[in-house]
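If you want the building blocks of each chain, they are given just below.
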Amino acid sequence: MIAALAALALLSLAAAIFLGVADIPMGDVAAVLTGAGSAEARLIILDIRLPRIATGILAGIHFSLAGYLLQTITRNPLADPSLMGVSQGATLSVTIFLLFTVYIFEPGSNTLAELPVAWLPAAGLAGGLLAGGVIYLLAFRLGLSALRITLCGVAVGAVLHAVAIGLIAGWGSARIEIILEWLSGSLYARSWDHALFLLPFTIACLAMLPVIHRPLMLLQFDAPVARSFGLGYRRQFSIVLIVSCALAASAVGAVGPIVFVGLIVPHLARFLAGRNFRLSLVLTIVLGAVIVTLGDLIGRLLGQAEEIPIGVVTAVFGVPLLLALLRKTM
Amino acid sequence: MSPRQSFLAIGLIVVAAMLAAMLGLLVGAKTLSVETAIRVLLAPDGKLESVLIWTLRLPRSLAAAAGGAGLAVSGYVLQTLTRNPLADPGITGVTAGSVAPIVCCFVFVPWLSPAYYPFIGLAGGLAAASVTFWVSRGGQGRPLQLALGGVSVSLFLGAITTYVLLLTGPQSASLLFWLAGGFQGRTWSHLLYMLPWTIAGVVGALLLRRVIGMFMLSDHAAAGMGLQLGLWKPLILILAVIPVAGVAPIAGPVAFVGLAAPHIARLLKPRGTGWEIGLSAALGALIVTVADVFARSIAIPRELPVGIVTALFGGPIFIYLVQRGRLSLAGEMR
């Protein structure tokens, strides 16, 4: 299983580097990777494809791990950053940021050139964390009941989403296209900056995994059962929730809401790993990276000039799989 | 509540909705006085005020009321059919299923007459609901299974809708406003176009109240009482989608009404399914009418989409209901 998975990961990585809309011969790509190659090939591989792949891998890990953590602590297969309001919070704050910087900094201007795009991830992060905070407060007021937390997450998410769409519809004007593109979850034009923005979060959260691994296993159970194992339920619940929100919010900030990865990858991982908890965690991380990489490659190749956003690709492939899994396992 | 009290409650809510609609006639980019409104309503002339009320504000208010009633009844039927307090046109994917194919037709088959949109909406909504039902074993699985299936279907269709919007470029702005849910610029023809579907949904639900009520028990009990499940389940599902098919082409998705109105109606504890349906419809009409008035008077001359307003008010109410543990159907949540 591990070998097959590693092979799959390497294969998808290689495919993502070697294939693309710009037709570069294999030999040239290999030359670029070893430090040689033409200037044009170097530009395409090193400055366009690689940063895009790196951002995709990190975002994939973020989404799938965030979904896995949320699903475990809420004991709820519905839990996903995009269902618990975190993605919508990030979406709303990015929308506000995109729409109202124009009014603040350059009233009357319709050009997109001066847009402080570099701040987008930060805006997304802030909004996602804020939404996570709301869910967190509600969760404790509701006594950590899985069903109620999910209901509230869905409600908060729906409200934030409606407000975001309303703002775009009412004030979007020249920004609508750029917001829509971001909204559909896309890796288009992602640079090393995006990958570097995500990296500290990835490292910090992965480093937390050994610490939260045992509590996480116990958080699968009811609060009384978990407490009888000596778990500080509320504290551990909070820690996992914070880690999960940080992962999801930073990823939404960088690449937009790629919805289905956080929902489906953990299901897939548990399906493959059975009752092996540690294996399912590892599978979640690897499959998250693989699926986003492959999804982005498919979107790049299928759409050609007008590429299909990764969010659309994951939805088209993810939903039938999820529905089948859902019917089979529940 | 006794039937008499229920009747009274429905009457009060309808009067409140009418008052809200009257208020809606007065406010807008040009504010009118009550006397002017009444004079023009009784004796329309060709002047600006008359045009404003008769061609813009009145049909719009009526469309909001009809749309609200339709969505609420749809939510009620879905919740009862699945015995799931979460069910509503939004969460079961019915709304997204109606909206997505309409967007696609608008963009890719622009020569297609909008007269077909409700039928497309009906087909799409039914298809989406069928998938959700298939996943949750006819709605008989756990509540979360239904919700998970429905939300997945919605996300799937939402992703496609966003992509289609991306492809359309300049047109996306108007489509987006429609997608945010609202009644801006809706005329008599829009209303007439929606009304048969809404009326069919509400009247159908009232006529079939006994069948719908039986689903509140369990499949076993319903079958034991002589209900042919194989026949009635699909029929009731179609009944639930019919009003949404009418509302979706006109107003886009208006969130939370189908969820909130039936719950509020049940909180009033009317005796009997028919009264619950009536109360839900009246409450739905009231909620959307008020939301519409609010949406166009809060930021004059700009308008908010009604979808935002219902979400902003519906969300907290919903969360409050969850917090108080009041969110239950027939007394328990499985």
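Note that the structure is predicted; figures quoted are calculated from it, not measured. (Residues numbered from 1 in each chain as written. Chains lettered and ligands numbered in written order. Predicted model: local features only at pLDDT ≥ 70, side-chain atom pairs only at ≥ 80, totals over all residues. Heavy atoms only, no water.)

Caption draft 1: The overall build of chain A, seen in detail. Within chain A one finds 13 helices and zero strands. For chain A, the N- to C-terminal ordering of α and β elements is α-α-α-α-α-α-α-α-α-α-α-α-α. Taking 20 Å as the expected radius of gyration for a compact globule of 330 residues, we find that chain A reaches 20 Å, a close match to that expectation. Seen through its principal axes, chain A has C-alpha atoms that stretch 65 × 55 × 35 Å. (Helix = DSSP H or I, 4+ residues; strand = E, 2+ residues; numbered from the N terminus. Rg over C-alpha atoms; globule rule 2.2 N^0.38 Å.)

Caption draft 2: Geometry of the overall build of chain B. Looking only at helices and strands, chain B features 14 helices and zero strands. Reading the helices (α) and strands (β) of chain B from amino to carboxyl end gives α-α-α-α-α-α-α-α-α-α-α-α-α-α. Here the C-alpha radius of gyration of chain B, 20 Å, is about what a compact globule of 334 residues would show, namely 20 Å. Principal axes of the C-alpha set define a box for chain B whose edges measure 65 × 55 × 35 Å. Out of the 334 residues belonging to chain B, those deemed buried represent 59%. Restricting to contacts in chain B with at least 6 residues of sequence separation, those with at least 24 account for 74%. Surface accessibility of chain B: about 13,100 Å² in total, with carbon and sulfur atoms responsible for 72%. Within chain B, the 9 negative side-chain charges are centred at a point lying 7 Å from the centre of the 21 positive side-chain charges. (Buried < 20%, exposed > 50% of the residue type's maximum accessible area, 1.4 Å probe, protein only. Contact = heavy atoms within 4.5 Å. Areas by Shrake-Rupley, 256 points an atom, 1.4 Å probe, with all protein chains shown as cover. Lys, Arg positive; Asp, Glu negative; His and termini not counted. Charge placed at Lys NZ, Arg CZ, Asp CG, Glu CD.)

Caption draft 3: Quick peek at a nonpolar patch on the surface. All names here are of chain A. Nonpolar side chains collect at one region of the surface, where Met 1, Ile 2, Phe 271 and Leu 272 lie side by side and expose about 390 Å² of accessible area between them. Looking at where Ile 2 falls in the secondary structure, it is placed in helix H1 (residues 2-18). Overall, the relative accessible area of 52% leaves Ile 2 in the exposed class. (Patch = residues over 30% accessible without salt bridge, like charges linked within 9 Å, V, L, I, M, F, W, Y side chains within 5 Å. Salt bridge = Lys/Arg side-chain N within 4 Å of Asp/Glu carboxyl O.)

Caption draft 4: Structural detail: the pattern of salt bridges. One pass over the structure, following the stated rule, counts five salt bridges over all chains. Ionic pairing is found between Arg 52 of chain A and Asp 296 of chain A, a salt bridge with its closest N-O pair at 2.8 Å. You can see Arg 52 of chain A sitting in helix H3 (residues 39-73) and its partner Asp 296 of chain A sitting in helix H12 (residues 277-303), a full 244 residues away along the chain. Across the pair Arg 296 of chain B and Asp 292 of chain B runs a salt bridge whose closest N-O atoms are separated by 2.9 Å. Remark: Asp 292 of chain B and Arg 296 of chain B occur in helix H13 (residues 273-297); sequence separation between them is four residues, near one turn of the helix.

Caption draft 5: Spotlight on the interface of chain A and chain B. Listed per partner, the contact involves 50 residues of chain A and 46 residues of chain B. Between chain A and chain B the total buried area reaches about 4,300 Å² when both faces are included, carbon and sulfur atoms providing 81% of it. On the surface where chain A and chain B come into contact, there are zero salt bridges. Scanning the region where chain A abuts chain B turns up zero residue pairs in polar contact (both at pLDDT 80 or more). Looking at the side of chain A that touches chain B element by element, the count peaks at 19 residues for helix H6 (residues 146-171) of chain A. For the side of chain A that touches chain B, the per-class residue count stands at 36 nonpolar, seven polar and seven charged. (Buried area = accessible area lost by both parts, 1.4 Å probe. Polar contact = N/O pair within 3.5 Å; in protein donor to acceptor, adjacent residues only side chain to side chain. Nonpolar A, V, L, I, M, F, W, Y, C, P; charged D, E, K, R; others polar.)

Caption draft 6: Representation of helix H7 (residues 172-179) of chain B. Residues and elements named next belong to chain B. In terms of residue burial, H7 counts as a mostly covered element, since six of its eight residues are buried. Listing the buried residues of H7 in full gives Ser 172, Leu 175, Leu 176, Phe 177, Trp 178 and Leu 179. Of the residues flanking the end of H7, it is Gly 181, one or two places downstream, whose phi is positive at about 85°.

Caption draft 7: Just the nonpolar core, in detail. Phe 63, Phe 237 and Phe 260 of chain A together with Val 103, Ile 212 and Ile 236 of chain B are the most contacted members of the largest nonpolar core, which has 191 residues in total. Per-element accounting of this core gives the leading share, 15 residues, to H6 of chain A. Core analysis: the next-biggest nonpolar cluster, separate from the first, contains eleven residues, Ile 13, Ala 17, Ala 72 and Ala 282 of chain B among them. (Core = buried A, V, L, I, M, F, W, Y, C linked by side-chain atoms within 4.5 Å.)

Caption draft 8: Examining the state of the cysteines more closely. All names here are of chain B. Following the criterion strictly, the structure yields zero disulfides over all chains and no others. Left unpaired, Cys 104 is separated from the closest cysteine sulfur, that of Cys 105, by 7.1 Å. According to the relative accessible area criterion, Cys 104 is partly exposed, its value standing at 23%. On the accessibility criterion, Cys 105 (13% relative accessible area) is buried. (Disulfide = S-S within 2.5 Å.)

Caption draft 9: View of the packing of aromatic side chains. Residues and elements named next belong to chain B. On inspection of all chains with the given rule, the structure shows six aromatic pairs over all chains. The interplanar angle of 85° and the centroid separation of 6.3 Å between the aromatic rings of Phe 7 and Trp 275 together place this pair among those described as edge-to-face. One end of the pair, Phe 7, is in helix H1 (residues 3-26); the other, Trp 275, is in helix H13, with 268 residues separating them in the sequence. (Phe/Tyr/Trp six-rings, centres within 6.5 Å; stacked < 30°, edge-to-face > 60°.)

Caption draft 10: Local environment of the UniProt feature "transmembrane region" (unreviewed entry) in chain A. In the numbering adopted here, UniProt assigns the feature "transmembrane region" (unreviewed entry) to residues 53-70, 82-105, 117-139, 151-174, 194-212, 237-265, 277-298 and 310-327 of chain A. A distance of 27 Å separates the end C-alpha atoms of residues 194-212 of chain A, which is 100% helix and 0% strand. (UniProt positions renumbered as here; feature names shortened; annotations may be inferred.)

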